[in-house]
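Here's the letter readout for the chains.
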Amino acid sequence: MDAGARVIHVDVMDGHFVPPITIGPLIVDAIRDLVKGRGGTIDVHLMIERPERHVEGFAKAGADVITIHPESTPNIHYGLKLIRELGCKAGVVINPGTPVIAVEPVAEIIDLCLCMSVNPGWGGQRYIPSSTARLAALRGLLPDGVVLEVDGGISLETIDEARDAGAQLFVAGSSIFGAEDVAEAYRALAARLA
């Protein structure tokens, strides 16, 4: 955050929807004051089965944005409405193998659409080249006010094409946290968006 980041993306995995298990509301609560005290936003990506059962816990813990997958629940519309009712911005996430059109039924009730440009669950993967066309298709499908986010393989080699395809918010993990100088790696990516 000292380098200028204002959105902290929190990947939540349950060991069912994706094999790895990661963090829960306790960690979101633990970072809340650190992030929000610096004017930041906590963006929680739920890679879990039946996310509608857990959104309240993340909202209470301090999430500002909660994104859920239509592949993870038969109740995507209900889950998105619940997120908003809890005072958070609501987002839908699609996996690389999910047709872009899956977003259409909820496009009018979301604040954000997250396009996975890798298979969810593991860091360090390479950007899937077909993601660029998917981002462009999503930008064409989404209402103007909906933010288009991309997650997976974002680096100095891929950020320009993702931006040019319409992405507005970029999740970068390995390219930043795998660098020797984390702050400089963030600044180098951010400079490409200025």
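Parameters at a glance
- Residues numbered from 1 in each chain as written.
- Predicted model: local features only at pLDDT ≥ 70, side-chain atom pairs only at ≥ 80, totals over all residues.
- Heavy atoms only, no water.
- Helix = DSSP H or I, 4+ residues; strand = E, 2+ residues; numbered from the N terminus.
- Buried < 20%, exposed > 50% of the residue type's maximum accessible area, 1.4 Å probe, protein only.
- Lys, Arg positive; Asp, Glu negative; His and termini not counted.
- Salt bridge = Lys/Arg side-chain N within 4 Å of Asp/Glu carboxyl O.
- Polar contact = N/O pair within 3.5 Å; in protein donor to acceptor, adjacent residues only side chain to side chain.
- Disulfide = S-S within 2.5 Å.
- Pairing = 2+ DSSP bridges.
- Axes fitted to C-alpha atoms, helices over the stretch in contact; angles between N-to-C directions.
- Contact = heavy atoms within 4.5 Å.

Engineer: Is there a simple way to explain the side chain of aspartate 151 in this structure?
Structural biologist: Of note, aspartate 151 is situated in strand S6 (residues 147-151). The charged side chain of aspartate 151 is buried without a salt bridge, its nearest counter-charge being arginine 134 at 13 Å. A polar atom in the side chain of aspartate 151 sits 3.3 Å from the side chain of histidine 9.

Engineer: Would you mind going over the pattern of salt bridges with me for this structure?
Structural biologist: Pairs may arise between side chains of opposite charge once their charged atoms sit close together. The final tally for this structure, using the stated rule, is 10 salt bridges. Residue aspartate 2 pairs with arginine 38 through a salt bridge whose shortest N-O separation is 2.3 Å. Here arginine 38 lies in the loop between helix H1 (25-36) and strand S2 (41-47) and aspartate 2 lies in the segment before strand S1 (7-13), a separation of 36 residues in the sequence. On the basis of relative accessibility, which here comes to 44%, the residue arginine 38 falls in the partly exposed class. For aspartate 164, the salt bridge is made with arginine 163, and the minimal N-O distance between the two is 3.0 Å. Aspartate 164 gets classed as exposed once you look at its relative accessible area, which sits at 59%. Assessed through its relative accessible area of 29%, arginine 163 is described here as partly exposed.

Engineer: Got a minute to help me understand the state of the cysteines in this structure?
Structural biologist: Working definition: the covalent bond between the sulfur atoms of two cysteines is a disulfide. Evaluation of the coordinates by the stated rule reveals 0 disulfides. Cysteine cysteine 88 remains unbridged, with the sulfur of cysteine 113 as its closest cysteine sulfur at 18 Å. Cysteine 115 carries a free sulfur, and the closest cysteine sulfur to it, the one in cysteine 113, is 6.9 Å from it.

Engineer: Any chance you could explain the sheet that holds strand S3 (residues 65-68) here in plain terms?
Structural biologist: Hydrogen bonds between backbone groups are what pair the strands of a sheet, and the pairing can be parallel or antiparallel. Taken together, the 7 strands give an open sheet; going across it, the order is S1-S2-S3-S4-S5-S6-S7, and neighbouring strands pair in parallel fashion. Strands with a single pairing partner mark the edges of an open sheet, and in this sheet they are S1 and strand S7 (169-171). Ignoring strand direction, the axes of neighbouring strands in this sheet form an average angle of 25 degrees. In terms of strand pairing, S2 meets S3 through 4 bridges, oriented parallel. Its bridge partner lying in S3, histidine 45 is registered against threonine 67. The strands that H1 touches are S1 and S2; relative to S2, the one it contacts most, it runs at about 150 degrees. Relative to strand S4 (residues 89-94), helix H3 (residues 76-85) is tilted by about 145 degrees, and along the sheet it contacts S3 and S4.

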